[in-house]
Amino acid sequence: MKAIYPGTFDPITLGHLNILEKASKIFDEVILGVADYTAKQNYFDPLERFELCQTCTAHLSNVKVIRFTGLVVNFAKEQNCRILIRGLRAVSDFEYELSLALHNVKLSPEIETIFLVPSLRYMYLSSSMIRQLADLDADLNDFVPPAVAKALKQKLNRKS
Ligand code: ADP
């Protein structure tokens, strides 16, 4: 069975990879769907986010990275896929993720969302925290894959 793990991945973190690795053991094929659209402000542009996801998931043979525009449910239909994976961290994710899943079911009743919980050490890791820490030139190697740490460093150097 195939599943889609959709998100903006701005940028992809070890928390996302933890969820993806778990999903890749459960499903035959997992599509990491990188959304062009984000309601938040873009840090990396869609192509950069896509390329970083590709680099960081190269070790997972049943994972394919695909960029998409528009609604996740339409992307899932195009891919002939009925399962969406989302990650659930602390309580703060719950309301938003539940609302998103219910809206997706309303838009497309045949699509189900499955939530996976990360390992404890990734529970409080978020892309927004990484973006803030990167702007303050923190060492990010415990939080993101090396390619992402390098890309964040380059971005900071271009800004200064
Ligand atoms: P969004 O799609 O809301 O922009 P992201 O791209 O940051 O969110 O993340 C995609 C999914 O991965 C979301 O379900 C989010 O809750 C989940 N996620 C993000 N970071 C982690 C983490 N550290 N552990 C588990 N799940 C996570």
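Residues numbered from 1 in each chain as written. Predicted model: local features only at pLDDT ≥ 70, side-chain atom pairs only at ≥ 80, totals over all residues. Heavy atoms only, no water.

### Brief notes about the overall build of the protein
For the record, the criterion: For the purposes of this entry, the term helix denotes a DSSP run of H or I that reaches at least four residues, the term strand denotes a run of E that reaches at least two, and both are numbered from the N terminus. With C-alpha atoms as the basis for the radius of gyration, the globule rule is written as 2.2 Å multiplied by the number of residues raised to the power 0.38. Exposed residues in this analysis have more than 50% of their type's maximum accessible area, buried residues have under 20%, and partly exposed residues fall in between, with area computed by a 1.4 Å probe over protein chains only.
Assigned secondary structure in the protein consists of six helices and five strands. Each helix and strand of the protein, ordered N terminal to C terminal, gives the series β-α-β-α-β-α-β-α-β-α-α. In terms of overall size, the protein behaves like a compact globule, its C-alpha atoms giving a radius of gyration of 15 Å where 160 residues would be expected to give roughly 15 Å. Across its three principal axes, the protein shows a C-alpha extent of roughly 50 × 30 × 30 Å. The buried share of the protein, taken over its 160 residues, is 51%.

### A short note on the environment of Leu125
Within the element layout of this structure, Leu125 appears in the loop between β5 (112-116) and α5 (127-135). Accessibility expressed as a relative area gives 9% for Leu125, which makes it buried.

### Comments concerning helix α6 (residues 146-159)
Side chains three or four residues apart in an α-helix point the same way, a direct result of the helix having 3.6 residues per turn. The cut-off we apply is this: What a helix is expected to span follows from its residue count: subtract one and scale by 1.5 Å. Throughout, the arc means that of the directions going from the helix axis to the C-beta atoms. Contacts are residue-level and defined by heavy atoms, with any inter-residue pair within 4.5 Å sufficient.
Taking 1.5 Å per residue, 14 residues should reach 20 Å; α6 reaches 20 Å between its end C-alpha atoms and fits that length. Of the residues making up α6, those classed as buried are Val148, Ala149, Ala151, Leu152, Lys155 and Leu156. Burial along α6 is one-sided: seen end-on, the buried residues are contained in an arc of 165°. Along α6, the residues that are exposed and aim more than 90 degrees away from the buried face are Pro146, Lys150 and Arg158. Here the buried face of α6 lies against α2 (46-56) and α5.

### Here we look at the pattern of salt bridges
Our working rule: A pair is scored as a salt bridge if a Lys or Arg side-chain nitrogen falls within 4 Å of a carboxyl oxygen belonging to Asp or Glu.
Tallying each qualifying case throughout the model produces five salt bridges. Between Arg86 and Glu97 there is a salt bridge, with the nearest N and O atoms lying 2.8 Å from each other. Separated by 11 residues along the polypeptide, Arg86 in strand β4 (residues 83-87) and Glu97 in helix α4 (residues 91-107) bring together distant segments of the chain. Under the relative-accessibility criterion, Arg86 is labelled buried at 17%.

### Here we look at α2
Listed in full, the buried residues belonging to α2 are Pro46, Arg49, Phe50, Leu52, Cys53 and Cys56. Taken around the axis of α2, the buried residues stretch over an arc of 165°, which confines them to a single face. Looking at the buried side of α2, the elements it contacts are α1 (14-26), β2 (29-35), β3 (63-68) and α6.

### What to know about the packing of α5 against α6
Heads up, the rule is: Geometry is summarised by axes, namely lines fitted to C-alpha atoms with helices restricted to the contacting stretch, and by angles between N-to-C directions that run from 0 to 180 degrees. For classification purposes, angles smaller than 35 degrees are called roughly parallel, those larger than 145 roughly antiparallel, those between 65 and 115 roughly perpendicular, and all remaining angles oblique. Put simply, a crossing is left-handed when the front helix is turned counterclockwise from the back one by less than a right angle, and right-handed when it is turned clockwise. Residues are grouped as follows: nonpolar covers Ala, Val, Leu, Ile, Met, Phe, Trp, Tyr, Cys and Pro; charged covers Asp, Glu, Lys and Arg; every other residue, Gly included, is treated as polar.
It is at 9 Å that the axes of α5 and α6 come closest, and there the two elements cross at 50°. The orientation of α5 with respect to α6, classified from their angle, is oblique. For the crossing formed where α5 meets α6, the hand is right-handed. In this structure, α5 uses Ile130, Ala134 and Asp135 to contact α6, whose residues at the interface are Leu152, Leu156 and Lys159. Taken together, the residues of the contact of α5 with α6 sort by class into four nonpolar, no polar and two charged.

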